[in-house]
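# Structural characterization, general
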Amino acid sequence: MLCFCTLFFHFQGSFSETLTFLLEALKSGGKSSVSILFVIEEFDLFAQHKNQTLLYNLFDISQSAQTPICVLGLTCRLDVIELLEKRVKSRFSHRQIHLCMTLSFKDYIEVFCLTLNLPTSFPDKKFAKAWNYHVKVLSTDALVQAVLQKLYNLNKSIRHLHMLLILPVCETSEARPYLTAADIANSYKNLGLDSKASMLHGLSVLEMCLIIAMNHLSQIYDRDPFNFEMVYSEYQKFVQKKSSVQNFEKAVIVKAFEHLQSLEFVLPLEGLASSRAQKEYTQMYLLIDPAQITDAVQKYAGLPTEIQHWARSSLC
């Protein structure tokens, strides 16, 4: 195995020559050879390569009992199997494991603390103990929890949490050794999350109605994705109850929805944007926090009273 790795990394040539050498080296093994695990990150990008040569050959070799290899692909795209060519798909074992983000807000707070906590191996034990205690107290602060709740509602990704914490940590110094709630709040503002709130003020009444309908759907289904038809149905239920609110043709509502999508108020569920599903049934996420919608409704001049009441209600 060591000899193979040494030869491989000293081999120089074109992509075709390198691939040929790799395949021949793998095929030269037997049942007594050491098993090899290939972990392919962003698997969908490899599926976009012309002819998918690498995937085809790796899958083909893995079917041989003489070559003990396993190919593990990692991707965020749910429709990645549809990207595979027929000859590649026929050699795929079709074993899939879906890992979903199921963090509760309580878990999210714990991740916040674990991210900031200093390890027991930190040289200055006294400071590490004081820092960790301060982080624990900070996590119970009302302002910090409000900021984390907003971020959690928008995106539960740990990466976004790390982005929030980078600036406050970098601003610590000997004179300011500890984080404050104001640091966390200012970092949240600097992330640009409130830029969409100002854009809400320029929407038409119909577009604002669709935003409110999507917010209700997000509340009903606990931030799960929705599609246009669900939003349209929610809007129609409101209009039929309030005869004073103008009802628009479906084609006009589709255009308004597409405009909201172009402004990135809503975003297709990652991995499904290029699927074969009709655009009316494409799964979407709302990228606006309920607090931003409430603020926009309050500042929207001339918004009908019925729509204001609808926005303030928890459910339609």
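One structure accompanies this document, and this report is about it. These figures come from a predicted structure and were not determined experimentally.

About the criteria used
- Residues numbered from 1 in each chain as written.
- Predicted model: local features only at pLDDT ≥ 70, side-chain atom pairs only at ≥ 80, totals over all residues.
- Heavy atoms only, no water.
- Buried < 20%, exposed > 50% of the residue type's maximum accessible area, 1.4 Å probe, protein only.
- Helix = DSSP H or I, 4+ residues; strand = E, 2+ residues; numbered from the N terminus.
- Arc of directions from axis to C-beta.
- Polar contact = N/O pair within 3.5 Å; in protein donor to acceptor, adjacent residues only side chain to side chain.
- Expected span 1.5 Å × (residues − 1).
- Axes fitted to C-alpha atoms, helices over the stretch in contact; angles between N-to-C directions.
- Parallel < 35°, antiparallel > 145°, perpendicular 65-115°, else oblique.
- Left-handed = near helix turned anticlockwise from the far one by under 90°.
- Contact = heavy atoms within 4.5 Å.
- Nonpolar A, V, L, I, M, F, W, Y, C, P; charged D, E, K, R; others polar.

## What to know about helix H16 (residues 290-299)
Here H16 has its buried residues at Gln-292, Ile-293, Ala-296 and Val-297. Projected onto a plane normal to the axis of H16, the buried residues spread over an arc of 135° and lie on a single side. In H16, the exposed residues that point more than 90 degrees away from the buried face are Gln-298 and Lys-299. Where H16 begins, the side chain of Asp-289 points an oxygen toward the backbone nitrogen of Ala-291, at a separation of 2.8 Å.

## What to know about helix H14 (residues 228-241)
Taking 1.5 Å of rise per residue, the 14 residues of H14 would be expected to cover 20 Å, and the 20 Å separating its terminal C-alpha atoms lies within 8% of that figure. Within H14, burial applies to Phe-228, Val-231, Tyr-232, Glu-234, Tyr-235, Gln-236, Phe-238 and Val-239. Here H14 starts with a cap whose side-chain oxygen sits 3.1 Å from the backbone nitrogen of Glu-229, and that cap is Asn-227.

## Brief notes about the packing of helix H13 (residues 205-220) against helix H17 (residues 305-312)
As a packed pair, H13 and H17 sit with axes 10 Å apart at the nearest point and diverge in direction by 20°. The angle between H13 and H17 falls in the class roughly parallel. Pair H13 / H17 crosses with left-handed handedness. Judged by residue contacts, Val-205, Cys-209, Ile-212, Ala-213 and His-216 of H13 engage Ile-307, Trp-310 and Ala-311 from H17. For the contact of H13 with H17, a count of residues per class yields seven nonpolar, one polar and no charged.

## Quick look at unusual backbone geometry
Here Glu-42, not a glycine, exhibits a phi torsion of approximately 50°, which is positive. Looking at where Glu-42 falls in the secondary structure, it is placed in the loop between strand E1 (36-41) and helix H3 (43-47). The phi dihedral of Gln-52 is positive, around 50°, even though this residue is not glycine. Relative to the assigned elements, Gln-52 resides in the loop between H3 and helix H4 (53-62). What makes Gln-52 buried here is its relative accessible area of 3%.

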